[in-house]
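Observations on chain architecture
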Amino acid sequence: MATAVLGHDDRRLVAEASLDFLVVEMVDLMHRSHAGETGETDREAAYFKLENLGYQLGMAMVERITKDRPRFLDNLDVVKFICKDFWIALFKKQIDNLKTNHRGVYVLTDNNFRWFSRMSGDGTSADISRQAFAHLAFPCGLIRGALGNLGVATVVSGEVTTIPHCTFQIKISKP
Amino acid sequence: MTIHNLYIFDRHCHCISFTSWTRPAPPKQDGQADTAQQSMQATGATGMSLEEEAKLVYGVVFSLRNLVSKLAAKPGSDGFISYRTSTYKLHYFETPSGLKFVMNTDPHAESMREALRTIYAQIYVEYVTKNPLMHQLATSGVHPVQNDLFRGNLQRYVRTLPGFE
């Protein structure tokens, strides 16, 4: 999936569907393993674990992707890199919209988030948005890990209103 | 060529989906107690309850499949594919995972095998198996096939089939 960006020999391929299935099952597994005796899932703990998984993965991925790249100029440059190269390596498309208040808060908008493109249910879209929130933990962690390894300490939160449209909010932590 | 309806049965012989494109025959009795909202209380294509009708359809298909497999000489052949009567033609497609697609059309239809295969590969696999909310739908009692993307895409695809009206 990232071989084009990394410039490696892409004769060794992996089926993309297997990654999609793995990500879906990962979220389900976290919720199953945190289901308490009363049947109530400890959503906070599951979200925390998934986010940390994403953090580790984001850190590792960004090491590989920035291998041949020159240094970053400032935080905005780092965030722009996330929106372009990092997102292309992961999802084969760029972030559709980037907004900033120039004071350390960035809002990334993806109009067709790949992992949400097949998501649908039987109820109202509010229900589905609530259920989709758990699936945002991993991408948020990915972004936080990527930024962290590039030297920018942040807090990343995600929001989904209508599938497959979602936004990620990056807040740069004060040192 | 008219397509009447489509049944989907899962590996455990339950009818997980029924979509109809022609109006069902009027029910024989009026005033049926129809207060429940489950899909199993809904009427099938012939006006009897969907659960009853699905069982009958499944029984027919199951028996025919066994019959054909016992009569067929070649071990690698497809087995039962379709049958035709003077009023309708029934097409059958089974996946290796035990999912069964049964489609009824008018008697002059050509083979719908490719169409059924496309419904499985492009629509069922895409929007049901790859749905991240599949597990949550299953635990809340609804089969994952009851989702909007699947229904919408199925409708859109069937409308593009030749001769559909």
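Residues numbered from 1 in each chain as written. Chains lettered and ligands numbered in written order. Predicted model: local features only at pLDDT ≥ 70, side-chain atom pairs only at ≥ 80, totals over all residues. Heavy atoms only, no water.

**Points about the sheet that holds strand 4 (residues 166-172) of chain A**
Residues and elements named next belong to chain A. Taken in spatial order, the 4 strands of this open sheet run 1-2-4-3, and their pairing is antiparallel. Each of the sheet's edge strands pairs with one partner strand only, and the pair in question is strand 1 (97-100) and strand 3 (154-160). Strand-to-strand twist across the sheet, computed as the mean angle between neighbouring axes with direction ignored, equals 15°. Relative to strand 2 (residues 105-110), helix 4 (residues 75-91) is tilted by about 15°, and along the sheet it contacts strand 1, strand 2 and strand 4. (Pairing = 2+ DSSP bridges. Helix = DSSP H or I, 4+ residues; strand = E, 2+ residues; numbered from the N terminus. Axes fitted to C-alpha atoms, helices over the stretch in contact; angles between N-to-C directions. Contact = heavy atoms within 4.5 Å.)

**Quick look at helix 4 (residues 148-160) of chain B**
All names here are of chain B. Here helix 4 is 13 residues long and its end C-alpha atoms lie 19 Å apart, about the 18 Å a rise of 1.5 Å per residue gives. Along helix 4, the positions that sit buried rather than exposed are F150, N153, L154 and V158. For helix 4, the arc enclosing every buried residue in end-on projection is 130°, short of the 170-degree limit, so these residues lie on one face. Exposed residues on helix 4 whose side chains face more than 90 degrees from its buried face are R156, R159 and T160. Residues of helix 4 that are buried in the fold lie against strand 1 (3-9), strand 2 (15-20) and helix 2 (113-129). (Expected span 1.5 Å × (residues − 1). Buried < 20%, exposed > 50% of the residue type's maximum accessible area, 1.4 Å probe, protein only. Arc of directions from axis to C-beta.)

**Observations concerning the pairing of strand 5 (residues 100-105) of chain B**
All names here are of chain B. Of all the 6 residues making up strand 5, 6 are buried; the element is thus mostly covered by neighbouring parts of the structure. Of the strand pairs in this sheet, strand 1 and strand 5 are connected by 6 bridges, and their pairing is antiparallel. Counterpart to F9 in the pairing with strand 5 is K100. Pairing of strand 4 (residues 89-94) with strand 5 involves 6 bridges; the strand directions are antiparallel. Within strand 5, the position partnered with L90 by the bridge is N104. Counted between consecutive antiparallel strands, the loop separating strand 4 from strand 5 contains 5 residues, among which G98 sits at a positive phi close to 95°.

**Considerations on the pairing of strand 4 of chain B**
All names here are of chain B. With 5 of 6 residues buried, strand 4 is to be regarded as a mostly interior element. As paired strands, strand 3 (residues 82-84) and strand 4 are joined by 3 bridges and run antiparallel to one another. Along strand 4, the bridge assignment pairs S82 with H91. Between strand 3 and strand 4, which pair antiparallel and follow one another directly, the connecting turn spans 4 residues.

**A closer look at the packing of helix 2 (residues 16-33) of chain A against helix 3 (residues 43-65) of chain A**
All names here are of chain A. The interhelical angle for the contact between helix 2 and helix 3, taken along N-to-C directions, is 140°, at an axis separation of 9 Å. On the basis of their axis angle, the class for helix 2 and helix 3 is oblique. Seen along the crossing, helix 2 lies across helix 3 with a hand that is right-handed. Of helix 3, the residues touching helix 2 (which contributes M26, V27, M30 and H31) are R43, A46, K49, L50 and L53. (Parallel < 35°, antiparallel > 145°, perpendicular 65-115°, else oblique. Left-handed = near helix turned anticlockwise from the far one by under 90°.)

**Points about the confidence of the model for chain B**
Residue and element names in this part refer to chain B. On average, residues of chain B carry a pLDDT of 81, and 84% of them reach 70 or more. Between residues 27-41, whose pLDDT stays under 50, and residues either more than four places distant or in other chains, the model counts 10 contacts. Note on the complex model: pTM 0.79, ipTM 0.75. (pLDDT = per-residue confidence, 0-100.)

**Overview of the pattern of salt bridges**
As enumerated under the stated definition, the model contains 14 salt bridges over all chains in all. Residues R151 of chain B and D148 of chain B are paired through a salt bridge, measuring 3.2 Å at the closest nitrogen-oxygen approach. In this pair, R151 of chain B and D148 of chain B both sit in helix 4, 3 residues apart, roughly one turn of the helix. Residue classification places R151 of chain B among the partly exposed positions, given a relative accessible area of 34%. By sharing partners, the salt bridges in this structure join E16, K92 and R114 of chain A into a single network. (Salt bridge = Lys/Arg side-chain N within 4 Å of Asp/Glu carboxyl O.)

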